[in-house]
Amino acid sequence: MAEHPLLTPLQSPVELKAEIEASRSGMPFLVYRDGSGQQQIVSLSVNDRVTVGRAASDVLLDWDTEVSRLHAELERIGDQWTVSDEGLSRNGTYVNGERIVGKRRLRNGDVVRFGHTVATFRQPLTDRGAETKVASEALRHASLSGAQRRVLIALCRPFKDASGYVTPATNQQIAAELFLSVDAVKTHLRALFGKFGIEDLPQNQKRVRLAELALRNGTITPRDL
């Protein structure tokens, strides 16, 4: 199965902020990495029909030799989006690892693969109820204590209204904000790493990854910050 473009490689703080800002607009969009590994965000708010391919397409994937010249189409039907291949491509189009036949309705968070290029479909406005459900499930699994939640909010606070490059708060900054010792902050963060399933990541990736997951799945919202 293709890897999720937002999970591999890890989003940088700048990339994460760009996706959060795109979500705040409420408009649907695709997010993927181009041939040089740079994150790209393509809004789907302008046209009701969007072509994907290696030549003269709205979503131009000209670096991917596994993508056909005209590979697939995305179409808005009412307030929903669909993806279709209809035999356009040689190598097929996949949604969540399954090759599609005909039209497939897209839901917020669906992972679509065109050739080697993997894109995530985001529709934050119309799928808000589904997003709330996902966030609630994450909270049930995480079972955050009040102290852990306060540490998590402090960790993510630099992402509020930030511009340019931004990183999560340091242990010292969190400790100063919450009147805790640095050792206490480290203890809470270790517990959070475990609850979010990222304890095995390299140490220099854990903090960004934790902030990314908390903001993306709704555990921490912009209002919390």
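Below: a short report on this structure. Since we're looking at a predicted model, the values are computed, not measured.

### Section: the sheet that holds strand β6 (residues 80–84)
Strands in a sheet are paired, the pairing made by backbone hydrogen bonds, and the direction either parallel or antiparallel. Pairing is mixed across the open sheet formed by five strands, whose spatial order is β4-β3-β5-β6-β9. A single partner strand is all that each edge strand has here, and the edge strands are β4 (59–60) and β9 (103–106).

### Observations regarding the packing of helix α4 (residues 171–178) against helix α5 (residues 182–195)
Their axes nearest at 9 Å, the elements α4 and α5 cross at an angle of 110°. Viewed along their axes, α4 and α5 adopt a mutual orientation that is roughly perpendicular. Of α5, the residues touching α4 (which contributes N171, Q172, I174 and A175) are V182, V185, K186 and L189. For the contact of α4 with α5, the class distribution of residues is five nonpolar, two polar and one charged.

### Points about unusual backbone geometry
The residue E86 is not glycine, and still its phi comes out positive at about 50°. Within the secondary structure layout, E86 lies in the loop between β6 and β7 (93–95). Owing to a relative accessible area of 53%, E86 belongs among the exposed residues under this scheme.

### Here we look at the sheet that holds strand β11 (residues 117–122)
Read from one edge to the other, the open sheet built from six strands follows the order β2-β1-β11-β10-β7-β8, with strand pairing classed as antiparallel. Since the sheet does not close on itself, it has two edges, and those belong to β2 (39–43) and β8 (98–99), each with one partner. With two bridges connecting them, β7 and β8 associate as antiparallel partners. Across the sheet, Y94 pairs through a bridge with R99, a residue of β8. Across the sheet, helix α1 (residues 13–24) lies against β1 (29–33), β2 and β11, angled at about 10° from β2, the strand it touches most.

### Structural notes on the nonpolar core
In this structure, L152, C156, L189, L210, L215 and I220 are the most contacted members of the largest nonpolar core, which totals 26 residues. The dominant element in this core, judged by the number of residues it contributes, is helix α3 (residues 146–156), at six residues. Non-local contacts of L215, meaning those with residues more than four positions away in its chain, are made with L16, I20, C156, F159, I220 and L225. Y32, L61, W81 and V83 belong to the second-largest nonpolar core, a separate cluster that totals 20 residues.

What counts and what doesn't
Residues numbered from 1 in each chain as written. Predicted model: local features only at pLDDT ≥ 70, side-chain atom pairs only at ≥ 80, totals over all residues. Heavy atoms only, no water. Pairing = 2+ DSSP bridges. Helix = DSSP H or I, 4+ residues; strand = E, 2+ residues; numbered from the N terminus. Axes fitted to C-alpha atoms, helices over the stretch in contact; angles between N-to-C directions. Parallel < 35°, antiparallel > 145°, perpendicular 65-115°, else oblique. Contact = heavy atoms within 4.5 Å. Nonpolar A, V, L, I, M, F, W, Y, C, P; charged D, E, K, R; others polar. Buried < 20%, exposed > 50% of the residue type's maximum accessible area, 1.4 Å probe, protein only. Core = buried A, V, L, I, M, F, W, Y, C linked by side-chain atoms within 4.5 Å.

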